[in-house]
Amino acid sequence: MTQSKVRASLPGIGFGIATALLFGGTTPLAKLFLNNVQPWMLAGLLFLGGGLGLLPIYIVRTYLLRQQTDTSDRLQQRDWGWLAASILTGGVIAPVLLTLGLVNTTAAAASLLLNFECVFTAVLAWTLFGERWQWQVFLGIVAIVAGGIVLARAEHSGVGMTWGALLILGTCFHWALDSNFTSKVATKDPIQVAMLKAGLAGSVNVAIALLLGQQLPALPVLCSVLVVGFFTSGLTLVCFVMALRHLGAPRAGAYFALSPFAGATVSALLLRDNINTSFAIAAVLMAAGAGLCARITD
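Residues numbered from 1 in each chain as written. Predicted model: local features only at pLDDT ≥ 70, side-chain atom pairs only at ≥ 80, totals over all residues. Heavy atoms only, no water.

## Observations concerning the overall build of the protein chain
Operational definition: Labels follow the DSSP assignment, with helices taken as runs of H or I lasting at least four residues and strands as runs of E lasting at least two, numbered in each case from the N terminus. By the convention used here, residues are in contact when the closest approach between their heavy atoms is within 4.5 Å. Each accessible area is a Shrake-Rupley estimate made with a 1.4 Å probe; only the visible protein chains count as cover when residues are assessed.
The secondary structure content of the protein chain amounts to 13 helices and zero strands. Its helices and strands in sequence order give the protein chain the pattern α-α-α-α-α-α-α-α-α-α-α-α-α, from N to C terminus. Of the contacts made within the protein chain by residues no fewer than 6 positions apart, 89% connect residues no fewer than 24 positions apart. Total accessible area on the protein chain stands at roughly 13,600 Å², and carbon and sulfur atoms take up 68% of it.

This is the structure in structure tokens:
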């Protein structure tokens, strides 16, 4: 890569790393909030916090400072289908699966299992989006699957996975779909895209939770969840859209692969999750696999 291309990539690299670090805190913090908030309600409030936090930023920038985006940056009619698909898969379904999965899975283990998003992203790219087969990605998938098996054996005395782990895998699949859908609107206004995605998805899940009889948490907890959601959902989505714009989906996904390890680290420090030998072996295998999956040539 030439020096000019490296300089052009620097903003995208910064946004990619920021995405990984911000999102890495989602799993352990969500696990912590589950002590006071029911899963479906928590999934909705985290995304709603992202949308509500970005709303005043969007209003100030657009109407008070009158920093209008270019016409090409605004969402067009053809974009709404991709955005709707992104909201459904990544904003409505995936967060619910994650919070439900965390009920029966440690935050550290769940963070590592999120590496399976690389697996699903590669498989979807090969089967649905016409990308060419790459051996290093296949080997990365093998390493991640091997790490998942080791992690499952650490969780149990047998080979099978918990329902919690299977729900985390479902989260990975829907976020892999979401990444492909979001890449279709990555050239649009990132604050507008992230605000609409987080706000609409959060509102839908909060409404469903209320219909299911789940209650809003006490005001101090509610405010805490919304603030955390602003960072883990709102700002994370803005950074991810910007990373997609500058780097494209494959390279942005490479930096996003850092987030499970950031989450596992936070889990170990914040929640005192047990890091035993099996967990360490799984982490090494999955780190190697994520690295191989990230080595996608342009």
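## Brief notes about the packing of helix 3 (residues 39–64) against helix 4 (residues 80–102)
Rules: Think of each axis as a best-fit line through the C-alpha atoms, taken over the contacting stretch in the case of a helix, with angles from 0 to 180 degrees between the N-to-C directions. Any angle that falls under 35 degrees is termed roughly parallel, while one over 145 is termed roughly antiparallel, one within 65 to 115 roughly perpendicular, and all others oblique. Take the far helix as the reference: if the near one is turned anticlockwise from it by less than a right angle, the crossing is left-handed, and if turned clockwise, right-handed. Polar here means any residue outside two lists: the nonpolar Ala, Val, Leu, Ile, Met, Phe, Trp, Tyr, Cys and Pro, and the charged Asp, Glu, Lys and Arg; Gly therefore counts as polar.
Where helix 3 contacts helix 4, the two axes come as close as 8 Å, and the packing angle between them is 135°. Of the possible angle classes, the one that applies to helix 3 and helix 4 is oblique. In this structure, helix 3 crosses over helix 4, and the sense of that crossing is right-handed. Residues Pro39, Trp40, Leu42, Ala43 and Phe47 of helix 3 form the contact with helix 4, whose own contacting residues are Gly90, Gly91, Pro95, Val96, Thr99 and Leu100. Here the contact of helix 3 with helix 4 is composed, by residue class, of eight nonpolar, three polar and no charged.

## Quick word on helix 6 (residues 116–127)
The following threshold applies: Multiplying 1.5 Å by the residue count of a helix minus one yields the expected span of that helix. Burial status follows relative accessibility: with a 1.4 Å probe on protein chains alone, a residue under 20% of its type maximum counts as buried, one over 50% as exposed, and anything between as partly exposed.
In this model helix 6 runs 17 Å from its N-terminal to its C-terminal C-alpha over twelve residues, within 8% of the 16 Å that 1.5 Å per residue would give. Within helix 6 the residues assigned to the buried category are Phe116, Glu117, Cys118, Val119, Ala122, Leu124, Ala125 and Trp126.

## What to know about the environment of Ser111
Looking at the element boundaries, Ser111 is found in helix 5 (residues 107–113). In the structure, Ser111 is positioned 84 residues away from Thr27 in sequence and 6.4 Å away in space, judged by C-alpha atoms.

## Thoughts on a nonpolar patch on the surface
This is how the line gets drawn: Each patch is assembled from residues with relative accessible area greater than 30% and no salt bridge, linking like charges that lie within 9 Å and nonpolar side chains (Val, Leu, Ile, Met, Phe, Trp, Tyr) that lie within 5 Å. Salt bridges are counted wherever a side-chain nitrogen of Lys or Arg sits within 4 Å of a carboxyl oxygen of Asp or Glu.
Together, Leu55, Ile59, Val60, Tyr63, Leu64 and Leu65 give the surface a local cluster of nonpolar side chains, amounting to about 570 Å² of exposed area. The topology assignment puts Val60 in helix 3.

## Focus on the side chain of Thr105
Here Thr105 shows up in the loop between helix 4 and helix 5. The residues contacting Thr105, other than those within four sequence positions of it, are Lys31, Ala110, Thr162, Gly164 and Ala165.

## Brief notes about the nonpolar core
Counted only if it meets this: Among buried residues, those of type Ala, Val, Leu, Ile, Met, Phe, Trp, Tyr and Cys that are joined through side-chain atoms within 4.5 Å constitute a nonpolar core.
Within the largest apolar cluster, 39 residues are counted, with the highest numbers of intra-cluster contacts made by Val37, Leu42, Leu45, Phe116 and Val225. Excluding residues that lie within four positions of it along the chain, Phe116 makes contacts with Ile144, Val145, Gly148, Leu169, Cys172 and Met286. Grouped together as the second largest cluster of nonpolar side chains are 18 residues, Leu83, Val92, Val185 and Ala194 included.

## Some thoughts on the pattern of salt bridges
Counted under the stated rule, the structure contains three salt bridges. Across the pair Asp189 and Arg61 runs a salt bridge whose closest N-O atoms are separated by 2.7 Å. Taken together, the residues Asp189 in the loop between helix 8 (163–183) and helix 9 (190–211) and Arg61 in helix 3 connect sequence positions 128 residues apart. Residue class for Asp189 comes out buried when judged on its relative accessible area of 3%. Taking relative accessible area as the criterion, Arg61 reaches 14% and is therefore assigned buried. As a salt-bridge pair, Asp178 and Lys197 come within 2.7 Å of each other at their nearest N and O atoms. With Asp178 in helix 8 and Lys197 in helix 9, the pair connects residues that are 19 residues apart, well separated along the chain. For the pair formed by Asp178 and Lys197, the shared burial category is buried.

## Examining the packing of aromatic side chains
Convention followed: Centres within 6.5 Å make a pair out of two Phe, Tyr or Trp rings, where for Trp the six-membered ring is used; the pair is then stacked when the planes are under 30 degrees apart, edge-to-face when over 60, and tilted otherwise.
According to the stated counting rule, one finds four aromatic pairs in the structure shown. Summarising the aromatic geometry, the rings of Phe120 and Phe173 are spaced 5.6 Å apart at their centres and angled 90° between planes, so their arrangement reads as edge-to-face. With Phe120 in helix 6 and Phe173 in helix 8, the pair connects residues that are 53 residues apart, well separated along the chain. Since its relative accessible area comes to 23%, Phe120 is described here as partly exposed. Judged by relative accessible area, Phe173 falls into the partly exposed class, the value being 32%. For the pair Phe230 and Phe231, a centre-to-centre distance of 5.2 Å together with 70° between the ring planes defines the contact as edge-to-face. For Phe231, a relative accessible area of 40% puts it in the partly exposed group.

## With respect to the side chain of Ser86
Cut-off, in case you're wondering: Within 3.5 Å is the distance limit for a polar contact, defined as a pair of N or O atoms, with the added protein rule that one can donate a hydrogen and the other accept it, and that residues adjacent in sequence qualify only through two side-chain atoms.
Relative to the helices and strands, Ser86 resides in helix 4. Accessibility expressed as a relative area gives 2% for Ser86, which makes it buried. Looking at Ser86, its side chain comes within polar contact range of the side chain of Lys197, at 3.0 Å. Setting aside its immediate chain neighbours within four residues, Ser86 contacts Gly91, Asp178, Phe181, Thr182 and Lys197.

## Things to note about the confidence of the model for the protein chain
Caution is warranted with low-pLDDT regions, since their predicted coordinates should not be read in detail. What counts is decided by this rule: A score between 0 and 100, pLDDT records how confident the predictor is in each residue.
Confidence in the prediction for the protein chain averages 80 pLDDT; 78% of positions are at 70 or higher. Averaged pLDDT values over the elements of the protein chain bottom out at 62 in helix 11 (residues 249–256) and peak at 95 in helix 9. Per-residue pLDDT stays below 50 along residues 156–160; that stretch engages in seven contacts with residues further than four places along the chain or on separate chains.

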